[in-house]
Every structure is written in structure tokens, then in C-alpha cells.
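The primary structure of each chain is shown beneath.
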Amino acid sequence: MKDVSANTDSKKLAGEAAASLVKSGMVVGLGTGSTVAWTIKKLGLRIEEEGLDFCGIPTSFQAQNLAIQCKIRLTTLDQHPDLDLAIDGADQVDSDLFVVKGGGAAHTREKVVSCSAKKFVVVADESKFVEKLDHDVPVEVLPFAVKLVEKRLKDLGGVPALRLGKMKDGPVITDNGNFVMDVDFGVIDNPKELARRICPIPGVVEHGIFDNLDELYLARSKGVDIIKRKR
Ligand code: 5RP
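Residues numbered from 1 in each chain as written. Predicted model: local features only at pLDDT ≥ 70, side-chain atom pairs only at ≥ 80, totals over all residues. Heavy atoms only, no water.

Student: Can you walk me through the nonpolar core in this structure?
Tutor: Soluble globular proteins tend to pack their nonpolar side chains together in the buried interior. Residues V22, I40, L43, I72, L85 and I87 are the most contacted members of the largest nonpolar core, which totals 25 residues. When residues of this core are traced back to their parent elements, those giving at least two are α1 (8–18), β1 (27–30), α2 (36–50), α3 (61–69), β4 (83–88), β7 (117–125) and β14 (215–220). The greatest single-element share of this core, amounting to four residues, is contributed by α2. Apart from residues no more than four positions distant in its own chain, L43 is found in contact with A19, V22, L30, L52, F54 and I72. Of all hydrophobic cores here, the second largest spans 22 residues; its members include V130, L133, V137 and I198. (Core = buried A, V, L, I, M, F, W, Y, C linked by side-chain atoms within 4.5 Å. Buried < 20%, exposed > 50% of the residue type's maximum accessible area, 1.4 Å probe, protein only. Helix = DSSP H or I, 4+ residues; strand = E, 2+ residues; numbered from the N terminus. Contact = heavy atoms within 4.5 Å.)

Here it is as C-alpha cells:
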């Protein structure tokens, strides 16, 4: 369970800083979670104060509702398959800018949206930045395939746990109608290789390892650092 009260100031700092990347005429992917929520709110303010005019594509019901509240004009991937920019949060980012996402069970849509964008930016507070990834990897799973996927993830050395609902009995159901497993792989030395091995498991819809991050907006005590991908 995420502690939404932790690092609120840092999340706000990083989230709001990335809102300056959005220009009129752009099509922008709107991520999910408490950090990027600050980006979305700031974009709402810019619409009101500056007349900023862009279209957003939300990655979840949460992002969609917030964007509507903020009076952001929405579109779809069918109408605008090529995005200028996608901005999202992360659960963990390593020094090579590999990312684990899916703490909000939205990583499938987040991956589709970010991979449709010319530039993918992540906003995060310093607690998310690590040398090597060791966060549980969320894996969205077709409910019909849960037992097979569980077995195959164990064969890869993972310890999978079906994510359970809060204020709801039974498993979390994603916006796509699927389950999520959080898989403990310990320290992940080679995220790209692990991703390559999870992908072909029958019944896996999408995993939360992202290798397409272009820029990280990282809130530190002295301000926001912008870290660009070198690989
Ligand atoms: C949702 C995500 C979120 O972006 C990630 O969990 C970070 O959330 P927060 O900004 O609330 O810490 O991947 O699926």
C-alpha cells in the first residue's frame, strides 16, 4: 500500500516542473499516480491563466477524472496515435533510467501511451531513485491464466503475490478487467533481460519494467534535477 502522504512536497516540485514541457498544439499522455497528479493540476492552471491549448490522453480512470476536473481537452489514441510527449510517475528508477511502474495497476495503458510518444518523461521524488532496481515488478495477468503465469514467474526466480483490493474483497481488478501480481525478484541486475523473459508467458498482459524513459525530473532537496538517458 502506497503512503500517499510521504514526500508530498517533493512530488509536487517534480510534478509541477514537468508541466512546463507542455506547449500549445501538443498531444500529451497523462500518467497515473500522486506525483503526476501535480503535473495535471498545474496544466489545468496554465489553461486557465495562459490559455494553454493542448490535448491529453489519460492512462487510467484516475487520470481521466482529474484531467476532466482540470478542464483539459481529452482525445484518444485512435484519434491521435502519435503523441508529442508523455509524462508519468514511477515506483522506482535506476541509474540507467530503467523504471518499475504499476503501483497504481495502470502500467499497461501507461506503457502503450508512453511508447506512442516522441518523448517520455518521468516525475519522481528522490526516494524512488536507486542504483539498481529491487522493487516488486507488477505484472498484469489475464484472470483465466493466473495459475500458469504464477508458475512461470516462479520458474524465473520470482515470488509472485496476487494484489488484493483495499475496501474490496478479493483481487484488484485493473481498468482493463485483469488481475495484477507483484513479483519479488530481489535485486534486478538486468532489467532488460528480465523483461524479455516475462513478456512471452501466456496470459501476461504487460509487466511494469519500462526501458523507454527519455528524461527524469527528480526532486532533490535543492530543486529538480533533469537527468537524460545516455544509453
Ligand atoms: C501507476 C504508476 C504510478 O505512476 C506509480 O505507482 C507512482 O505513483 P506515485 O506518484 O503515486 O508515487 O505506475 O500505475
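Back to the text.
Student: How should the confidence of the model for the chain be read in this particular structure?
Tutor: Close inspection of predicted coordinates is inappropriate for parts of the model with low pLDDT. On average, residues of the chain score 96 in pLDDT, and 97% of them reach the 70 mark or higher. Here residues 1–6 scores under 50 on pLDDT; set against residues more than four positions off or in separate chains, the count is five contacts. (pLDDT = per-residue confidence, 0-100.)

Student: When you look at the sheet that holds strand β12 (residues 204–207) in this model, what are you seeing that I'm missing?
Tutor: Strand-to-strand pairing in sheets goes through backbone hydrogen bonds, with the strands running parallel or antiparallel. Taken together, the four strands give an open sheet; going across it, the order is β10-β11-β9-β12, and neighbouring strands pair in antiparallel fashion. Both edges of this open sheet fall to β10 (159–162) and β12, since each of them pairs with a single strand only. The mean inter-strand angle of the sheet, taken between neighbouring strand axes irrespective of direction, is 30°. As paired strands, strand β9 (residues 137–141) and strand β11 (residues 179–184) are joined by five bridges and run antiparallel to one another. Each bridged residue has a counterpart across the sheet, and for E140 the counterpart in β11 is V180. Contacting β9, β10, β11 and β12, helix α5 (residues 146–155) runs over the sheet at an angle of about 15° to β11. (Pairing = 2+ DSSP bridges. Axes fitted to C-alpha atoms, helices over the stretch in contact; angles between N-to-C directions.)

Student: Got a minute to help me understand the side chain of D91 in this structure?
Tutor: Relative to the helices and strands, D91 is located in the loop between β4 and β5 (92–94). By relative accessible area, D91 is classed as buried at 15%. A polar contact of 3.1 Å, which involves the side chain of D91, links it to the backbone nitrogen of G102. Within the local environment of D91, its side chain forms a polar contact with the backbone nitrogen of G103, the two atoms lying 2.8 Å apart. (Polar contact = N/O pair within 3.5 Å; in protein donor to acceptor, adjacent residues only side chain to side chain.)

Student: Help me understand α2, please; the structure alone is not making it clear to me.
Tutor: At 3.6 residues per turn, the α-helix brings residues three or four places apart onto the same side. With 15 residues, α2 extends 20 Å from end C-alpha to end C-alpha; this agrees with the ideal 21 Å at 1.5 Å per step. Where α2 is buried, its residues contact α1, β1, α3, β4 and β7. Immediately beyond the C-terminal end of α2, within one or two residues, lies G51, with a positive phi of roughly 75°. (Expected span 1.5 Å × (residues − 1).)

Student: Even after reading the chapter, I still don't get the pattern of salt bridges, so can you show me in this structure?
Tutor: Pairs may arise between side chains of opposite charge once their charged atoms sit close together. As enumerated under the stated definition, the model contains 18 salt bridges in all. A salt bridge links E126 to R220; the nearest nitrogen and oxygen atoms lie 3.0 Å apart. In this pair, E126 is assigned in the loop between β7 and β8 (129–130) and R220 in strand β14, connecting sequence segments 94 residues apart. Judged by relative accessible area, E126 falls into the partly exposed class, the value being 38%. We classify R220 as partly exposed; its relative accessible area is 27%. For the salt bridge of D155 with K151, the shortest nitrogen-to-oxygen distance reads 3.7 Å. Placement of both D155 and K151 in helix α5 is noted, with a separation of four residues, approximately one turn of the helix. The same class applies to D155 as to K151, namely exposed. By sharing partners, the salt bridges in this structure join D88, K101 and E110 into a single network. (Salt bridge = Lys/Arg side-chain N within 4 Å of Asp/Glu carboxyl O.)

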